[in-house]
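# Per-entry structural report
One-letter residues, chain by chain:
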Amino acid sequence: MNYIQAVKNTALRLQNAGIEGVATESELILSELAGCSRAELFLHPDRQVLRETAEALEKIVRRREKREPLQYILGYAWFMKLKLLVTPAVLIPRPETELLVERLIKTAPPGGTVLDLGTGSGAIALALAHERGDLRITGVDVSSEALRVAAANREKYGLDHVELLQSDLFSGLRGRRFDCIAANLPYVSAKEYSELMPEVRNFEPELALTAPEDGLLLICDCIKAAPAHLLPGGTIIFETGITQGRKIGAALNDVGKFKNIEIIPDYSRRDRFVAAKLK
Ligand SMILES: C[S@@+](CC[C@H](N)C(=O)[O-])C[C@H]1O[C@@H](n2cnc3c(N)ncnc32)[C@H](O)[C@@H]1O
């Protein structure tokens, strides 16, 4: 079997398992196993797949046919410029979250402090630290298993100055205030959760995805507690579900302590973030 036959066979099997975007994914798997770029696969279409590579490919395809996310199978996910370790203890970082980091890169004050609330793999905290070495960044998560993954990623990139703490929302941060708080907390409702793709529902941690009260409980608790953890004029930014922007904007308004409340779309023009400043 040559590279191109292997790519085609893999794509067919993944398609039969109900997976979308199989061409790119099959090329990715092959290039990963062959240790070359996707383009190189096509530069050497007749190159034969080694027996060990074929065996490794078979194992990956069998797991993927059961709809296990490729990132958990390979053990990593790209987020901005970082190749992050991911395990089933953490959410696979999503491309739209990169917009949140880009905004923080542009707006966090020089030498300022940033809190990443619900850090998971450390994606937001570490990608920001990688771009803005002047910031003092803290990542917190309620999950000790997630924090172990974040710590491994911190070590991988030598970002030792990023602080990682176990904390249920702000419980471990008494008396501490930040210039910016970035919160990608769970926001999926129970109904939406039951309708998610098998990759998400059956493999990603429920703790990272769902929250009671139509997905809004943790974000609303965070809004109530946040004024005590922001410096005057400090910014809070939430990643949200695409139908939640107005409700979260209203919750920020109701607290009476925030100004400049802004609903921000993602690249697909869907409401995805809500930002506000402490008065
Ligand atoms: C949507 S994931 C975001 C992970 C990561 N920040 C990212 O963007 O890829 C939400 C994270 O919040 C954490 N979490 C859930 N409830 C929490 C709580 N009460 N306090 C702190 N973190 C919490 C989960 O363990 C999970 O890692």
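Given the structure is predicted, the values throughout are model-derived calculations rather than measurements.

The next point concerns the site of the ligand. P93, G118, G120, V142 and A208 are the nearest of the 24 residues found near the ligand. Listed by contribution, the elements that provide at least two residues to the shell around the ligand are α7 (123–131), β4 (136–141) and α11 (206–209). In terms of residue class, the shell around the ligand is made up of 14 nonpolar, 8 polar and 2 charged.

Moving on, we come to the domain arrangement of the protein. Domains assigned within the protein are domain 1 (3–66) and domain 2 (76–278). Just the C-alpha atoms count here: the centres of domain 1 and domain 2 sit 34 Å apart.

So, about the packing of helix α2 (residues 22–34) against helix α4 (residues 51–65). Relative to each other, α2 and α4 sit at 140 degrees, their axes nearing to 10 Å. If you check the angle between α2 and α4, you find them oblique. Along this stretch, α2 crosses α4, giving a crossing that reads as right-handed. In this structure, α2 contributes I29, L33 and A34 to the contact, and α4 contributes T53, A56, L57 and I60.

The sheet built from 7 strands is open, its strands ordered β5-β4-β3-β6-β7-β9-β8 with mixed pairing. The two strands at the open ends of the sheet, each matched to only one other strand, are β5 (163–166) and β8 (258–265). For this sheet, the mean angle separating the axes of adjacent strands, direction not counted, is 15 degrees. In the sheet, strand β7 (residues 230–239) pairs with strand β9 (residues 271–278) via 5 bridges, with the strands oriented antiparallel. Across the sheet, I236 pairs through a bridge with A276, a residue of β9. Strand contacts of α7: β3 (113–117), β4 and β6 (178–183), with the helix running at about 170 degrees to β4, the strand carrying the most contacts. Against the sheet, helix α13 (residues 245–255) touches β7, β8 and β9, its axis set at about 170 degrees to β8.

Within β6, 6 of the 6 residues are buried, leaving the element largely enclosed by the surrounding structure. Bridging between β3 and β6 involves 4 bridges; their strand directions are parallel. In the sheet register, L117 faces β6, and the bridge partner there is A183. When β6 meets β7, the two strands line up parallel, connected through 5 bridges. For C180, the partnering residue across the bridge sits in β7 and is T235.

Another point: unusual backbone geometry. Here L169, not a glycine, exhibits a phi torsion of approximately 45 degrees, which is positive. The residue E213 is not glycine, and still its phi comes out positive at about 55 degrees. Mapped onto the fold, E213 is located in the loop between α11 and α12 (217–225). Judged by the 12 C-beta atoms lying within 10 Å of it, E213 falls in the exposed class.

Glancing now at α4. Between the first and last C-alpha of α4 there are 21 Å, a value that for 15 residues agrees with the 21 Å anticipated at 1.5 Å per step. Just beyond α4, the residue with positive phi is R67, at close to 75 degrees.

How each quantity is defined
Residues numbered from 1 in each chain as written. Predicted model: local features only at pLDDT ≥ 70, side-chain atom pairs only at ≥ 80, totals over all residues. Near = placed C-beta within 6 Å. Helix = DSSP H or I, 4+ residues; strand = E, 2+ residues; numbered from the N terminus. Nonpolar A, V, L, I, M, F, W, Y, C, P; charged D, E, K, R; others polar. Domains from an automatic or database assignment. Axes fitted to C-alpha atoms, helices over the stretch in contact; angles between N-to-C directions. Parallel < 35°, antiparallel > 145°, perpendicular 65-115°, else oblique. Left-handed = near helix turned anticlockwise from the far one by under 90°. Contact = placed C-beta atoms within 7 Å. Pairing = 2+ DSSP bridges. Buried ≥ 20, exposed ≤ 12 C-beta atoms within 10 Å, placed from the backbone. Expected span 1.5 Å × (residues − 1).

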